Amino acid sequence: MGSIADLLARPLCDLRISVTDRCNLRCGYCMPREVFGTDFAFLERSELLSFEEIERIARLAAGEGVRRIRLTGGEPLLRRGLPRLVAMLARIEGIEDLALTTNGTLLSAHARELAEAGLHRVTVSLDALEQDVFSAMSDTRLPVGRVLAGIDAAHAAGLRPVKVNMVVRRGVNDHCILEMAEHFRGRPEVLRFIEYMDVGESNGWRLEQVVPASEILAAIAARWPLRELPATRHGEVASRWAYSDGAGEIGLIHSVTQPFCSGCTRARLSADGRLYTCLFASSGHDLRALLRAGASDAQLAAHLREIWIGRADRYSALRGATARTSRGARVEMSYIGG
Ligand code: GTP
Ligand code: 5AD
Ligand code: SF4
Ligand code: SF4
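This one's a predicted model, so the numbers in the text were calculated from it and none came from an experiment.

### What to know about the site of ligand 3
- Surveying the vicinity of ligand 3 reveals the residues Cys23, Leu25, Cys27, Tyr29, Cys30, Met31, Gly74 and Asn103.
- Residue classes in the shell around ligand 3 are distributed as six nonpolar, two polar and no charged.

### Considering the site of ligand 4
- In the vicinity of ligand 4, the contacting residues are Phe260, Cys261, Cys264, Arg268, Cys278, Leu279, Phe280, Arg311, Asp313, Arg314, Tyr315 and Ser316.
- Across the shell around ligand 4, the residue classes tally to seven nonpolar, one polar and four charged.

### With respect to the packing of helix H1 (residues 51-63) against helix H9 (residues 297-309)
- The contact between H1 and H9 brings their axes to 10 Å, and the two run at 65 degrees. Along this stretch, H1 crosses H9, giving a crossing that reads as right-handed. Side by side, H1 and H9 meet where Arg56, Ile57, Arg59, Leu60 and Ala61 of the first sit next to Asp297, Leu300, Ala301 and Leu304 of the second.
- When the residues that make up the contact of H1 with H9 are grouped by side-chain class, the tally is six nonpolar, no polar and three charged.

### Considering the layout of surface pockets
- Put simply, the largest pocket is a space of about 230 Å³.
- Classifying every residue of the lining of the largest pocket gives three nonpolar, one polar and six charged.

Analysis parameters
- Residues numbered from 1 in each chain as written.
- Chains lettered and ligands numbered in written order.
- Predicted model: local features only at pLDDT ≥ 70, side-chain atom pairs only at ≥ 80, totals over all residues.
- Heavy atoms only, no water.
- Near = heavy atom within 4 Å.
- Nonpolar A, V, L, I, M, F, W, Y, C, P; charged D, E, K, R; others polar.
- Axes fitted to C-alpha atoms, helices over the stretch in contact; angles between N-to-C directions.
- Helix = DSSP H or I, 4+ residues; strand = E, 2+ residues; numbered from the N terminus.
- Left-handed = near helix turned anticlockwise from the far one by under 90°.
- Contact = heavy atoms within 4.5 Å.
- 1 Å grid on protein atoms, 1.4 Å probe; cavity = no way out; pocket = protein on both sides within 12 Å on 5 of 7 lines; lining within 4 Å.
- Points joined across faces, edges and corners; volume = space filled by probe spheres on them.

So, in structure tokens, the structure goes:
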């Protein structure tokens, strides 16, 4: 099984697969209700890749070096029958890590069957513990207790380590940083603080709303001393920190202030079968058309190689220098999968 490198010598190691562009929450930084309202045109069922089509692309990508697969959305648990896809992906030779990023609201009901199907671990998005702040961040009336129950169910089902992603927005939930840290200290979950990113076109991102990871780190370290841990692998997006008193670890994802493009080994497959070589891309490569036109495995694999070999994306590293590019509208995170 080969390993191919792009124009910046980065190998292809990870495939992030979005299985739906729909979500039952409306986080303002991802799917603001003003844009993703009742008349928003989500993908039709016939436009979605079937599980067989997804498995085929994932298997060929594994042949080109992919070792880790992450299922995303939208909210991936809204895709009916997901455990069947998990079972198909878990059988692919060469896949060492099979994970899922979810908002956790539907996780209690599904954790066990996902684990039984072969899922290794989950990452749950949770931006606050206080109900009012959670509701404001995710624009929902669902109780935050449902997400906490989902986290517990995932842990109990063996989907470990459970990671918890907190996107921090200045003036909205930045006052919850210490409370979140305190809650997850001493628990088995790894809490990760994420800098709010300018993904897509609809979240009205402004730099002032970004709380730099260095500021988050300083606030936590002032209360509970921390020491840095080595990365678990090349290209990991989070820096890792351990509480000196042994109460576990946290992570910081500084995608805005300290971009990690030089180690970016990720390709993204949208729910309608387009392959994107960057989270901030404005266009993808239509693999569905090839699949449905009857392309052979060899033709598809050659196309995957060609796409990766021609890749030069490093949007975050260039963000400061170029501000906006003129390449057209960037795709939304709910479509491409975080
Ligand atoms: P682990 O394997 O557990 O480390 O997962 P992960 O951190 O790669 O994935 P997750 O879905 O938890 O994403 C965490 C945050 O990092 C989200 O805000 C993602 O949008 C962001 N992220 C993940 N990959 C990339 C990337 O390639 N570029 C940028 N800019 N952000 C990314
Ligand atoms: N900036 C940073 N992280 C984001 N996510 C969604 N939108 C953004 C954004 N604009 C996070 C979600 C999820 C992960 C996949 O990406 O909260 O945890
Ligand atoms: Fe849904 Fe996740 Fe986007 Fe929130 S961040 S709207 S939970 S897909
Ligand atoms: Fe990779 Fe693009 Fe993110 Fe840079 S901005 S780390 S190239 S996905």
